[in-house]
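Fold and contact review
Here are the chains, one letter per residue:
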Amino acid sequence: MRRSYQYVALFNTINNFAVNPQNPFAAGGWNRTHYPTGLMNASVRALPRPNNDTLYVLSLLDLRKEPVIIHYPAFGSKYVSLETTAFDHYCEIPLAASKGDFKKPTSILYYSARTEGYSGEPVEGVDRVMEMSGDFAITFLRVMPEANDLEKFKANMAAVNAVKLQTLSEFQGKPAKAPDPLAMPAYSNDQNVFASNFQEAMQFVFNHTTFDPEKYEMDREALAALKAVGVEPGRCSIKATPPRSMASGSPRWQRRLRQNRTQPGTTHRKPRHSSSGCSCPRAKSTLIPW
């Protein structure tokens, strides 16, 4: 658990913001963006401890088939930052007003080590190219709209809605490439995933994550720990089977399910199984350094 918790947490979080219809901040699918309609208040539960003076723009990325480009406008605010992460929870801040960014429009192309047909080469008309550590990723744009100044607030709200996401094909004037079928394991809350489909979820995560064990001790330790339970990058997906002590008819398993179902804001979902059987990426090796 020590070497896997961040992966389980981000597996649930990223899926929740991508496809959960009950999440008011969900993007409504992959390669889409959630745009805020205004500031949040204390009633918001979809984000943990959100700032009530900040606008959150969330983009959910599926980088398997082709790169994704996001165009960020200039902002008239002293506080704007862009955070990115993937299933491994390694966070980066590629743009920040404190570093002099967002004074002019900026476009970033996102890709991973397994993105088909692309290896990080420059693209004319795109300002920056950024390799993500996983095929499924999330970008958080945080904007303080300066709500006490009505004109600045209106201008920053307009800028937020000018954020534009395109695939590379769309940027080049062609139709977006159709994504490969996605056999995503069931997401839920962390407790449920650990109890019901931990190996299945972790195998999917490892198949879509870039590791550099020579450079990062956390990568090295995670690979070793998960190998001990049969999870290795590039292996075919593992069927979700509860441990013997958690068999569906056992009192311990039934008690765990009842606890999960009665916790506010949690749901239990039966793990989905892949009809295609395998979630292994077909492109490059998983063990490619950043």
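Below, the structure is looked at part by part.

The rules we used
- Residues numbered from 1 in each chain as written.
- Predicted model: local features only at pLDDT ≥ 70, side-chain atom pairs only at ≥ 80, totals over all residues.
- Heavy atoms only, no water.
- Helix = DSSP H or I, 4+ residues; strand = E, 2+ residues; numbered from the N terminus.
- Buried < 20%, exposed > 50% of the residue type's maximum accessible area, 1.4 Å probe, protein only.
- Contact = heavy atoms within 4.5 Å.
- Areas by Shrake-Rupley, 256 points an atom, 1.4 Å probe, with all protein chains shown as cover.
- Pairing = 2+ DSSP bridges.
- Axes fitted to C-alpha atoms, helices over the stretch in contact; angles between N-to-C directions.
- Parallel < 35°, antiparallel > 145°, perpendicular 65-115°, else oblique.
- Nonpolar A, V, L, I, M, F, W, Y, C, P; charged D, E, K, R; others polar.
- Salt bridge = Lys/Arg side-chain N within 4 Å of Asp/Glu carboxyl O.
- Left-handed = near helix turned anticlockwise from the far one by under 90°.
- Polar contact = N/O pair within 3.5 Å; in protein donor to acceptor, adjacent residues only side chain to side chain.

What about the overall build of the chain?
In terms of regular secondary structure, the chain is built from seven helices and nine strands. Expressed as a percentage of its 290 residues, the buried residues of the chain come to 49%. Long-range pairs, those at least 24 residues apart, make up 71% of the contacts in the chain between residues at least 6 apart in sequence. Counting only carbon and sulfur atoms, one obtains 52% of the accessible surface of the chain, whose full area is about 14500 Å².

Details of the sheet that holds strand E3 (residues 68-72)
Taken together, four strands build an open sheet; the order of strands is E7-E6-E3-E9 and the sheet is mixed. Two strands close off the open sheet at either side, each with one partner strand: strand E7 (128-131) and strand E9 (164-167). For this sheet the average axis-to-axis angle between neighbouring strands, irrespective of direction, equals 25 degrees. Here E3 runs beside strand E6 (residues 106-111); their pairing, made up of five bridges, is antiparallel.

Remarks on the pairing of E3
Taking burial as the measure, the five residues of E3 include four buried ones, the bulk of the element. Both E3 and E9 contribute to a ladder of four bridges, which runs antiparallel. Note on E9: the bridge partner recorded for His 71 is Lys 164.

Notes on the pairing of strand E5 (residues 92-96)
One ladder, built from three bridges, connects strand E4 (residues 80-86) with E5; its direction is antiparallel. The partner of Leu 82 across the bridge, within E5, is Leu 95. Counting the residues between successive antiparallel strands, the hairpin from E4 to E5 contains five residues, one of them, His 89, with a positive phi of roughly 65 degrees.

Observations regarding the packing of helix H1 (residues 5-19) against helix H5 (residues 198-207)
At a minimum axis distance of 10 Å, the contact between H1 and H5 shows a crossing angle of 85 degrees. In terms of orientation, H1 lies roughly perpendicular with respect to H5. The residues of H5 that touch H1, namely those facing Tyr 7, Val 8 and Phe 11, are Phe 198, Ala 201, Met 202, Phe 204, Val 205 and Phe 206. Residues of the contact of H1 with H5, tallied by class, amount to nine nonpolar, no polar and no charged.

Some remarks on the pattern of salt bridges
Tallied over the entire structure, the rule returns six salt bridges. The partner of Asp 62 in a salt bridge is Arg 64, and the shortest N-O contact between them spans 2.8 Å. Note on accessibility: Asp 62 and Arg 64 belong to one class, buried. The salt bridge partner of Glu 83 is Arg 142, with a shortest N-O separation of 2.7 Å. Taken together, the positions of Glu 83 in strand E4 and Arg 142 in strand E8 (residues 136-143) put the pair 59 residues apart, joining distant regions of the chain. The pair Glu 83 / Arg 142 is uniform in exposure class, with both members buried. Salt bridges linked by common partners bring Lys 65, Glu 116 and Asp 180 together as one network.

Notes on the packing of H5 against helix H6 (residues 217-227)
Contact pair H5 / H6: the axes reach a minimum separation of 12 Å and the direction vectors enclose 140 degrees. Accordingly, the angle class assigned to the pair H5 and H6 is oblique. Our pair here, H5 against H6, has a crossing hand that is left-handed. Contacts from Phe 198, Met 202 and Phe 206 of H5 reach H6 at Ala 222, Leu 223 and Leu 226. For the contact of H5 with H6, the class distribution of residues is six nonpolar, no polar and no charged.

A look at the side chain of Gln 166
With respect to the helices and strands, Gln 166 occurs in strand E9. Within the structure, Gln 166 has its side chain in polar contact with the side chain of His 71 (distance 2.8 Å). Contact partners of Gln 166, with chain neighbours within four places excluded, come to Val 68, Ile 69, His 71 and Phe 171.

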